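Chains, contacts and geometry: an overview
Read off the chains here:
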Amino acid sequence: MSTYQTFSTDEKPLSILDVRDAKNRRKLAMVTAYDTPSARIVDRAGVDMVLVGDSLGMVMLGRKDTLSVTLDEMIHHCRAVVQGIHHALVVADMPFMTYEPGPDTALSNAARLVRESGVRAVKLEGAFLPQIRALVGAGIPVMGHIGLTPQRSAQLGGFKVQGKRAEAARQLLDEAAALEDAGCFAIVLEAIPAPLAAAITARVSVPTIGIGAGADCDGQVLVLHDMLGLYSEFTPRFVKRYAELGTLMEQAVRDYAEEVRSGAFPTPAHGFSMDEEERARLEDRLRETE
Ligand code: KIV
């Protein structure tokens, strides 16, 4: 067992109710993961929630945005993540155009995501209230997401801070209230001014999870590859780099390649020996075939 385990693996998985109860009691830590090894690591590190974000299109699959991520791709990555989690609540992003057309589409796609991967909740970008009501009504917990919603970045004029003007801020306050009313168990606030996030947090009874939304939210979420230095195409200002794993990985692979070329790797300790007797027999055989 790892030395950095912070809770026992037989501890109960975190539930939607635990997340809701955390409001005004303790801050919630959420991070993304997209595969089993990273899911194991973040779960052992003790985060409350793991998001299989459609950011995987950019940080895992090398695409320029999140729009082309498909439901099948999400299911594939969600399955891998669920296998690595004991404690955290796993939430999956519903990809672009898997919910916008209407409540029926949203319901059948969310049902596939939950049934085929084992995630326990889904996240939808924007105030698609009939869709959210349909999912919650069917027993699928929904996390809302407002502010900068990357699936609608073209409409928002790019990856820009939202709600800077009083009218836009008012609209986001209304959207947050509407998401709570529609049944969301938590709401992600992305790239909005800190005072606005604080006002939303004070007015809704469900936890707000901030990303670029200041310190007054009820929790925070970051993209794992951003915080660990594994994605350097673009780093938003609100990201804190907790490690430079990309640099470490590159140096490790450089060292390996150099040792292969110089003959320093592998050493006898990395290989398998042979009984002297068997070796002598092999040499006899080789001589016979010469
Ligand atoms: O896709 C994602 O990783 C997200 C987070 C940035 C909140 O939606």
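Residues numbered from 1 in each chain as written. Predicted model: local features only at pLDDT ≥ 70, side-chain atom pairs only at ≥ 80, totals over all residues. Heavy atoms only, no water.

**Examining the UniProt feature "active site" (unreviewed entry) in the protein chain**
When the UniProt feature table is mapped onto this chain numbering, "active site" (unreviewed entry) sits at Glu 190. Along the chain, Glu 190 falls in strand E6 (residues 186–190). Overall, the relative accessible area of 10% leaves Glu 190 in the buried class. In this structure the side chain of Glu 190 is engaged in a polar contact, spanning 2.9 Å, whose partner is the side chain of His 145. (UniProt positions renumbered as here; feature names shortened; annotations may be inferred. Helix = DSSP H or I, 4+ residues; strand = E, 2+ residues; numbered from the N terminus. Buried < 20%, exposed > 50% of the residue type's maximum accessible area, 1.4 Å probe, protein only. Polar contact = N/O pair within 3.5 Å; in protein donor to acceptor, adjacent residues only side chain to side chain.)

**Regarding the confidence of the model for the protein chain**
The share of residues in the protein chain with pLDDT of 70 or more is 97%, and the mean pLDDT across the chain is 95. Contacts from residues 1–9, a stretch scored under 50 in pLDDT, to residues over four places away or in other chains number 12 contacts. (pLDDT = per-residue confidence, 0-100. Contact = heavy atoms within 4.5 Å.)

**Some details on the sheet that holds strand E5 (residues 142–147)**
Backbone hydrogen bonds hold the strands of a sheet together, and the pairing may be parallel or antiparallel. If you trace the eight strands once around the closed barrel, you get E1-E2-E3-E4-E5-E6-E7-E8, paired in parallel fashion. Looking at each pair of strands side by side, their axes are set apart by 25° on average, direction ignored. (Pairing = 2+ DSSP bridges. Axes fitted to C-alpha atoms, helices over the stretch in contact; angles between N-to-C directions.)

**Here we look at the pattern of salt bridges**
Applying the stated criterion to the full structure yields 15 salt bridges. The partner of Asp 48 in a salt bridge is Arg 26, and the shortest N-O contact between them spans 3.0 Å. Here Asp 48 is found in the loop between helix H2 (36–44) and strand E2 (49–52), whereas its partner Arg 26 is found in the loop between helix H1 (16–21) and strand E1 (28–32), with 22 residues between them in sequence. Of the residues examined, Asp 48 reaches a relative accessible area of 7% and is grouped as buried. We classify Arg 26 as partly exposed; its relative accessible area is 40%. Residue Arg 170 is joined to Asp 174 by a salt bridge in which the shortest nitrogen-to-oxygen separation is 3.1 Å. Pair noted here: Arg 170 and Asp 174 are both in helix H7 (residues 166–182), with a separation of four residues, about one helical turn. By relative accessible area, which is 49% here, Arg 170 ends up partly exposed. Taken together, the shared-partner salt bridges in this structure form one network comprising Asp 72, Arg 112 and Glu 116. (Salt bridge = Lys/Arg side-chain N within 4 Å of Asp/Glu carboxyl O.)

**Comments concerning the layout of surface pockets**
Taken as a whole, the largest pocket encloses approximately 670 Å³ of empty space. Considering only residue class, the lining of the largest pocket consists of 18 nonpolar, six polar and eight charged. Taken as a whole, the second largest pocket spans an internal volume of roughly 440 Å³. Lining the second largest pocket are 22 residues, with Val 31, Val 42, Leu 224, Met 227 and Leu 228 sitting closest to its centre. Taken together, the elements giving at least two residues each to the lining of the second largest pocket come down to E1, H2, strand E8 (219–222) and helix H9 (224–227). (1 Å grid on protein atoms, 1.4 Å probe; cavity = no way out; pocket = protein on both sides within 12 Å on 5 of 7 lines; lining within 4 Å. Points joined across faces, edges and corners; volume = space filled by probe spheres on them. Nonpolar A, V, L, I, M, F, W, Y, C, P; charged D, E, K, R; others polar.)

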